[in-house]
Structures are given as structure tokens and as C-alpha cells.
Amino acid sequence: MTFVQTELASQPTSWSRAAELADGLRGSGRLPEAGERTAVVGCGTSYYMAQAYAALREGAGQGETDAFAASEFPAGRRYDRIVALTRSGTTTEVLRLLAAARGSARTTAITADPETPIRSAADDLIVLDFADERSVVQTRFATTALTLLRAHLALHTASVVADGERALAEPLPEGVTDCSQFTFLGQGWTVGLANEGALKMREAALAWTESYPAMEYRHGPISITTEGTATWLLGPAPDGLAEQVGATGGLWVAGELDPLAELVRIQRLALALADARGVDPDSPRHLTRSVILAGD
């Protein structure tokens, strides 16, 4: 088995541990409190988890919450809290941002490896070392970090873990591995998950993938949908969209599980396609575990 296969399969267990950790963090001040104006930042996969959390937190009435790629953080904007997601703890853009924010906002970093520069870069450090990964391609750390944040909002239940187990055990949707193009859709917090699903397919399988907010799909992107393409929705579908996709001849995949578990199914699809194409998902083309820029 590849590293990523093993890590992917361990996600439900990691989610349960993250939920327990979140219970212990409640009221500690190490994660955003209700009413704090919060920015969540990351790079790549972590940025998409930031998008999901920002939508969840603001939707739960906990306060204004924005998500940014770390390199695109608006320096003049003021926040009470900045939360940084970084598996490696060494990503240049994240470390630069935290250094620039010192003294202007309380900062929290969530990482898998505390023995890195992130230890001294953030005011508060939350370590998910049990979710660290050997594969360059992220699966377990990303979904575990989001579960921690989701549980801190009291939005995680045991049914999420049960759906994760189903996502590992049940067959992939019929016909999906025969498709040549994939579009992932979401609404609200699942837009970030759709973006991550598309990224995972590109990284692990070199697949042609796109992602959009579900209501935006009708505004142009549906024009590429035809026989041999798949449109996969994470979460509830807008009225009429399944029928519109069906009329194009494309394959419609409805997300029936918790959206985080649907992401696990997409991860499995990425590995199935990688295997069929002879691609090593542990060594994705042109990628490394962390982006460390010269001079940092």
C-alpha cells in the first residue's frame, strides 16, 4: 500500500481523537471565541480547509470569519484572531504572515509537527501529531484539522465518523472511474471541500478537474458537461441541478454522506485513477511536502 492509502483509511479514527481534543480546548482561549473577528489562513489544501471552517463559523453565528491563502492576506485589515493551518510547520508564506501579525492579533497555529519554526511563530500552538502524514498528498491531517475546528463549534457528531467508515467500505459510484473529466460542487462550507476534492484529483491522479459553488455551475461551467464527464455534489443539491446535468449526458453523483465523508470518497477515487494510470500518489509531479522559499 502507498502511504496515502494508509493515511486515508485512518481518517475516522483521527476524527474521533480530534473531537476529544476539541472538548478539552473549549474555553481555553486557544481557538476563536464567539464574537472574535477571525481570519483563517493556509496554503493549498490547508487554504481549502480554511474556507470550509470560515463558512461554518460565520454560519454558526460565532462572528465574522474570513479565509485567505496565506500569501494573499490583506495586511491592512485588522482581526482579533488569526488561525493558521500548516501540516509541516515550515511553509514560508504562513511563517511570514505570522511574523507580520505579531502584536496586532492573537495567533493560533494548528500543525502536525511542533518541532519546526511554527512553535515560536504563533501565540498558541495546537498539535495534531497523530494525524501527521508521510505522503506529500494531504488527506488525514486536513480533514482532522477541520474536524477539530468543527467540533469546537459543536458541529461534529458521531454520525460523521460513521459516514467516514461507510465512505471507506462502500464501492465508488458506478461508472465514475470511467470518466475523463470531473467537476466538484458545494454550497456554503462545502465549497471549500469541493475545491479540495478537485485539488486531490489533480495532485494524486493528474486528472482534469474543476470546482465551483453549486449555483455558479449553471453560469458557464455546465457547458463542458457531456457523456464521459462527472459532476459530484458535496451536500444538498440546488433544485433542478441533477436533472440539468442528466440532460447533458454527464454522470451526476449526489453526495449522500456527510460532506467530509464525501471528500473521503473523492480521495479514494483519486487513488483508483492514479493506480489505473500508473501514477505514484506518494510522489506527485513537481510537488514537495512543504514550500520553503529561498532565503527563509
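The structure reproduced in this document is the subject of the present report.

Here is what the cut-offs are and how they apply
Residues numbered from 1 in each chain as written. Predicted model: local features only at pLDDT ≥ 70, side-chain atom pairs only at ≥ 80, totals over all residues. Heavy atoms only, no water. Buried < 20%, exposed > 50% of the residue type's maximum accessible area, 1.4 Å probe, protein only. Helix = DSSP H or I, 4+ residues; strand = E, 2+ residues; numbered from the N terminus. Pairing = 2+ DSSP bridges. Right-handed = clockwise from strand over helix to strand, strands pointing away. Salt bridge = Lys/Arg side-chain N within 4 Å of Asp/Glu carboxyl O. 1 Å grid on protein atoms, 1.4 Å probe; cavity = no way out; pocket = protein on both sides within 12 Å on 5 of 7 lines; lining within 4 Å. Points joined across faces, edges and corners; volume = space filled by probe spheres on them. Nonpolar A, V, L, I, M, F, W, Y, C, P; charged D, E, K, R; others polar. Axes fitted to C-alpha atoms, helices over the stretch in contact; angles between N-to-C directions. Left-handed = near helix turned anticlockwise from the far one by under 90°. Contact = heavy atoms within 4.5 Å. Parallel < 35°, antiparallel > 145°, perpendicular 65-115°, else oblique.

Here's the deal with the pairing of strand β1 (residues 38-42)
Right, on to step 1. Extensive coverage of β1 is indicated by the burial of 5 of its 5 residues.
Right, on to step 2. Bridging between β1 and strand β2 (residues 65-69) involves 5 bridges; their strand directions are parallel. Looking across to β2, one finds that Ala39 is bridged to Asp66.
Right, on to step 3. Handedness of the β-α-β unit built from β1, helix α3 (residues 45-59) and β2 comes out right-handed.
Right, on to step 4. As judged from the 4 bridges shared by β1 and strand β3 (residues 81-86), these two strands associate in the parallel manner. Residue pairing across strands places Val40 opposite Val83, the latter belonging to β3.

Digging into the pattern of salt bridges
Right, on to step 1. Counted under the stated rule, the structure contains 13 salt bridges.
Right, on to step 2. For Asp124, the salt bridge goes to Arg106, with nearest N and O atoms at 2.6 Å. With a gap of 18 residues between them, Asp124 in strand β5 (residues 124-127) and Arg106 in strand β4 (residues 106-111) connect regions that are remote in the sequence.
Right, on to step 3. Exposure remark for Asp124: the relative accessible area of 12% places this residue in the buried category.
Right, on to step 4. Arg106 sits in the partly exposed class, given a relative accessible area of 36%.
Right, on to step 5. Across the salt bridge formed by Glu262 and Arg265, the nearest N and O atoms sit 3.0 Å from each other. Within this pair, Glu262 and its partner Arg265 are both found in helix α10 (residues 259-277), separated by 3 residues, close to a single helical turn. With respect to class, Glu262 is no different from Arg265; both count as buried.
Right, on to step 6. Through salt bridges with shared partners, a single network forms among Glu36, Arg81, Arg106 and Asp124.

Regarding the layout of surface pockets
Right, on to step 1. Approximately 230 Å³ is the volume found for the second largest pocket.
Right, on to step 2. By residue number, the principal contributor to the lining of the second largest pocket is helix α4 (residues 92-101), which donates 5 residues.
Right, on to step 3. When its residues are assigned to classes, the lining of the second largest pocket shows 9 nonpolar, 2 polar and 4 charged.

What about the packing of helix α2 (residues 11-25) against helix α6 (residues 140-152)?
Right, on to step 1. Running from N to C, α2 and α6 cross one another at 35°; their axes reach a closest spacing of 8 Å. Crossing of α2 against α6: the hand is right-handed. On α6, the residues that touch Gln11, Ser14, Trp15, Ala18, Ala19, Leu21, Ala22 and Leu25 of α2 are Arg140, Thr143, Thr144, Thr147, Leu148, Ala151 and His152.
Right, on to step 2. Here the residues of the contact of α2 with α6 sort into 8 nonpolar, 6 polar and 1 charged.

As for the packing of helix α7 (residues 158-169) against α10
Right, on to step 1. At a closest axis distance of 8 Å, the pairing of α7 and α10 adopts a crossing angle of 20°. Regarding the angle of α7 to α10, the classification is roughly parallel. The way α7 lies across α10 gives a crossing that is right-handed. Across from Asp163, Gly164, Ala167 and Leu168 in α7, the residues of α10 making contact are Ala261, Val264, Arg265 and Arg268.
Right, on to step 2. Residue composition of the contact of α7 with α10, grouped by class: 4 nonpolar, 1 polar and 3 charged.

Quick word on the sheet that holds β2
Right, on to step 1. Strand order in the open sheet formed by 5 strands is β2-β1-β3-β4-β5, with parallel pairing between adjacent strands. What marks the edges here is a single partner per strand, and that holds for β2 and β5. Direction aside, neighbouring strands of the sheet carry axes that sit 20° apart on average.
Right, on to step 2. Examined bridge by bridge, β4 and β5 share 4 bridges and lie parallel to one another. Its bridge partner being in β5, Thr111 is matched across the sheet by Val127.
Right, on to step 3. The sheet contacts of α6 involve β3, β4 and β5, and relative to β4 the element is tilted by about 135°.

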